[in-house]
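# Structural overview for review
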Amino acid sequence: MAKPAVNYACTDCGYSAGRWFGKCPGCNAFGTLIEDVVGGPAAKAPPQPLLRLVDVEAAEAQRIATGVAELDRVLGGGLVPASLVLVGGEPGVGKSTLLLTALAAISKDRRALLVTGEESTAQVKLRAARLGGAERVEILAETELDVVCATLERERPEVCVIDSVQTLYSSELGSAPGSVAQVREAASRLLRVAKESGVATILVGHVTKDGAVAGPRVLEHLVDCVLQFEGDRYHAHRILRAAKNRFGSTNELGVFEMTGAGLAGVPDPSELFGRTVAGEPGAAVACALEGTRPILLEIQALVSQTDLAMPRRVATGVDPKRLAMIVAVLGRHARVALGQADVFVNVAGGVRIDEPGADLAVALAIASAARGAPVREGTAAFGEIGLTGRLRPAAQAERRLEECRKLGLANVVVPAGTPTPGKPAIAAAETLRQAVQLALEDGDRTTA
């Protein structure tokens with residue numbers, strides 16, 4: 001029999017090599033490659049008969065509602081039976097609190113199990129008492145993978161949360177808990193148990209300082225859904241988004257607020273993130289689209305003279321490359337001189353914008369800060385900016401306009417050609433220069 005091969009795998013990015021490196025070639029981290037023993041060749045399996053897709057019977061399973069509306073929205077309507085979901089986030093962001101709240105709601109009608117490897121049962125009991133309603137949730141404090149899998153196969157709860165996957169270990173592997181080999185083995189076996197036993201399983205995963213799920217980028221291709229829980233633990237609001245979802249959209253966004261009684265969903269984030277102060281230069285309201293939900297966001301910009309040879313373009317919540325493009329178009333086609341100025345852009349509330357429909361609001365905030373002229377009161381904007389300075393309509397304009405109307409915004413600056421049924425009042429512009437003229441109040445027109 002051939003001897004098991006020895007590989008070295010990075011605990012941060014999963015890079016694997018046949019020899020040890022002090023610095024990982026994949027992520028440039030130091031001291032993260034550890035020994036990973038790979039078993040010898042397995043016994044040859046007999047061939048299996050093939051099926052045509054037309055002969056496959058697929059039963060439409062009813063989703064399991066988690067009782068947390070924002071979580072159900074991001075999942076696509078609830079948990080799919082026998083699915084495997086990975087929830088990642090920084091320590092202290094509220095992953096355990098969110099999932100315990102969901103288990104408390106699920107346990108009223110179904111069997112719900114919490115497998116805890118980081119906390120004792122007494123610690124979980126204290127949190128459950130603060131949240132309330134979790135009396136029927138079953139709990140198992142265990143880190144041995146064989147015991148956890150055997151328990152799931154015997155008890156077969158409908159929903160199981162494992163907090164966290166990095167604490168599980170298999171005695172058959174020589175590496176330490178949390179290593180790539182252990183995490184990969186745990187995810188593979190839990191996936192098999194979930195599919196065979198029909199248990200909807202949620203894995204909690206830590207993240208590295210770069211924001212990736214720790215050790216395991218290898219986990220992301222195994223699981224059915226990857227959820228990222230974002231936010232600063234020193235602030236009240238949290239954002240939940242899907243990075244991968246085999247059963248729903250990856251564009252949905254969930255907003256939560258941390259309160260004394262746990263995490264509470266924010267049903268109307270536009271009211272929270274879309275308010276500006278009248279007469280304040282450098283602020284504009286964008287109407288972005290996150291999945292099926294339009295959301296109003298305040299875009300803040302600061303433009304100041306630079307002492308550096310190369311001006312800075314700093315973006316928080318906006319793609320830095322897209323910001324550089326918007327600044328260039330402003331300077332070339334809207335006559336807003338920014339060549340000798342630092343430009344800082346921030347999306348209020350810690351939300352990240354990825355869609356091009358927010359380009360126009362970002363440009364208006366920068367132009368407002370550069371010219372010292374505030375955006376007209378009660379004005380929002382959405383639209384995509386082209387390199388020629390011409391504006392392009394954004395998708396689902398009707399839903400965006402309806403969201404603006406709900407928040408009481410009297411005027412909306414949009415690209416020409418945008419469908420504009422009903423109110424609010426519309427200011428259509430063909431070019432970025434026209435949009436700047438329509439949106440800004442008369443004020444200090446000196447450029448930066």
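Quick look at the structure, then. (Residues numbered from 1 in each chain as written. Predicted model: local features only at pLDDT ≥ 70, side-chain atom pairs only at ≥ 80, totals over all residues. Heavy atoms only, no water.)

Each helix and strand counted, the chain has 10 helices and 21 strands in total. Of the roughly 21,500 Å² of accessible surface on the chain, a fraction of 52% belongs to carbon and sulfur atoms. Each charge sign in the chain was given a centre, from 48 positive and 51 negative side chains, and these centres are 4 Å apart. (Helix = DSSP H or I, 4+ residues; strand = E, 2+ residues; numbered from the N terminus. Areas by Shrake-Rupley, 256 points an atom, 1.4 Å probe, with all protein chains shown as cover. Lys, Arg positive; Asp, Glu negative; His and termini not counted. Charge placed at Lys NZ, Arg CZ, Asp CG, Glu CD.)

Here helix α8 (residues 359–371) spans 18 Å end to end across 13 residues, near enough to the 18 Å set by a 1.5 Å rise per residue. Taken across its 13 residues, α8 has 13 buried, putting it largely inside the fold. After α8 finishes, the residue Gly 372 shows a positive phi value of roughly 70 degrees. (Expected span 1.5 Å × (residues − 1). Buried < 20%, exposed > 50% of the residue type's maximum accessible area, 1.4 Å probe, protein only.)

The next thing to look at is the pairing of strand β9 (residues 225–230). With 5 of its 6 residues buried, β9 lies for the most part within the structure. As defined by bridge partners, strand β4 (residues 84–89) adjoins β9 across 5 bridges and the pair is classed as parallel. Across the sheet, the residue bridging to Val 87 is Leu 227, located in β9. Pairing between β9 and strand β10 (residues 237–245): 6 bridges, direction antiparallel. Residue pairing for β10: Leu 227 is matched across the bridge by Ala 242. (Pairing = 2+ DSSP bridges.)

So, on to the side chain of Thr 66. Of note, Thr 66 is situated in the loop between β3 (33–38) and α1 (69–75). In terms of polar contacts, Thr 66 uses its side chain to reach the backbone amide nitrogen of Val 68, at 3.3 Å. If sequence neighbours within four positions are ignored, Thr 66 has contacts with Leu 71, Asp 72, Leu 75, Leu 79, Ala 102, Ala 105 and Ile 106. (Polar contact = N/O pair within 3.5 Å; in protein donor to acceptor, adjacent residues only side chain to side chain. Contact = heavy atoms within 4.5 Å.)

With the rule as written, the count across this model stands at 20 salt bridges. Residue Glu 430 pairs with Arg 390 through a salt bridge whose shortest N-O separation is 3.6 Å. Separated by 40 residues along the polypeptide, Glu 430 in the loop between β21 (425–429) and α10 (432–439) and Arg 390 in the loop between β18 (384–385) and β19 (391–392) bring together distant segments of the chain. In this structure, a network of salt bridges that share partners links the residues Arg 111, Glu 138, Arg 154 and Glu 155. (Salt bridge = Lys/Arg side-chain N within 4 Å of Asp/Glu carboxyl O.)

Attention shifts here to the state of the cysteines. The final tally for this structure, using the stated rule, is 0 disulfides. Of the cysteine sulfurs around Cys 24, a residue in no disulfide, the closest is that of Cys 10, at 3.6 Å. Cys 27 forms no disulfide, and the closest cysteine sulfur to it belongs to Cys 10, at a distance of 3.7 Å. (Disulfide = S-S within 2.5 Å.)

Here the focus is the nonpolar core. Ranked by internal contacts, the top residues of the largest apolar core, which has 52 residues, are Ile 299, Leu 330, Leu 338, Val 345, Ile 366 and Leu 432. Broken down by secondary-structure element, the contributors of at least two residues to this core are β11 (253–259), β13 (283–290), β14 (293–305), α7 (320–333), β16 (341–347), α8 and α10. By residue number, the principal contributor to this core is α8, which donates 10 residues. Here Leu 432 is in contact with Val 329, Leu 330, Ala 334, Leu 360, Ala 363, Ile 385, Gly 389 and Leu 391, once residues within four sequence places are set aside. Counting 35 residues, the second largest nonpolar core, distinct from the first, contains Leu 99, Val 124, Val 159 and Leu 240. (Core = buried A, V, L, I, M, F, W, Y, C linked by side-chain atoms within 4.5 Å.)

Of note, Glu 290 is situated in strand β13. Buried Glu 290, no salt bridge; nearest opposite-charge side chain is Arg 241, N-O distance 4.0 Å. Those residues in contact with Glu 290 that sit more than four places away from it in its chain are Arg 241, Asn 251, Glu 252, Leu 253, Ile 295 and Arg 352.

Turning our eyes to something else, we now look at the packing of helix α4 (residues 145–155) against helix α5 (residues 180–197). One can describe the packing of α4 onto α5 by two numbers: an axis separation of 10 Å at closest approach and a directional angle of 10 degrees. In terms of orientation, α4 and α5 fall into the roughly parallel class. In contact with Leu 145, Asp 146, Val 148, Cys 149, Leu 152 and Glu 153 of α4, α5 contributes Glu 185, Ala 186, Arg 189, Leu 190, Val 193 and Ser 197. For the contact of α4 with α5, the per-class residue count stands at 7 nonpolar, 1 polar and 4 charged. (Axes fitted to C-alpha atoms, helices over the stretch in contact; angles between N-to-C directions. Parallel < 35°, antiparallel > 145°, perpendicular 65-115°, else oblique. Nonpolar A, V, L, I, M, F, W, Y, C, P; charged D, E, K, R; others polar.)

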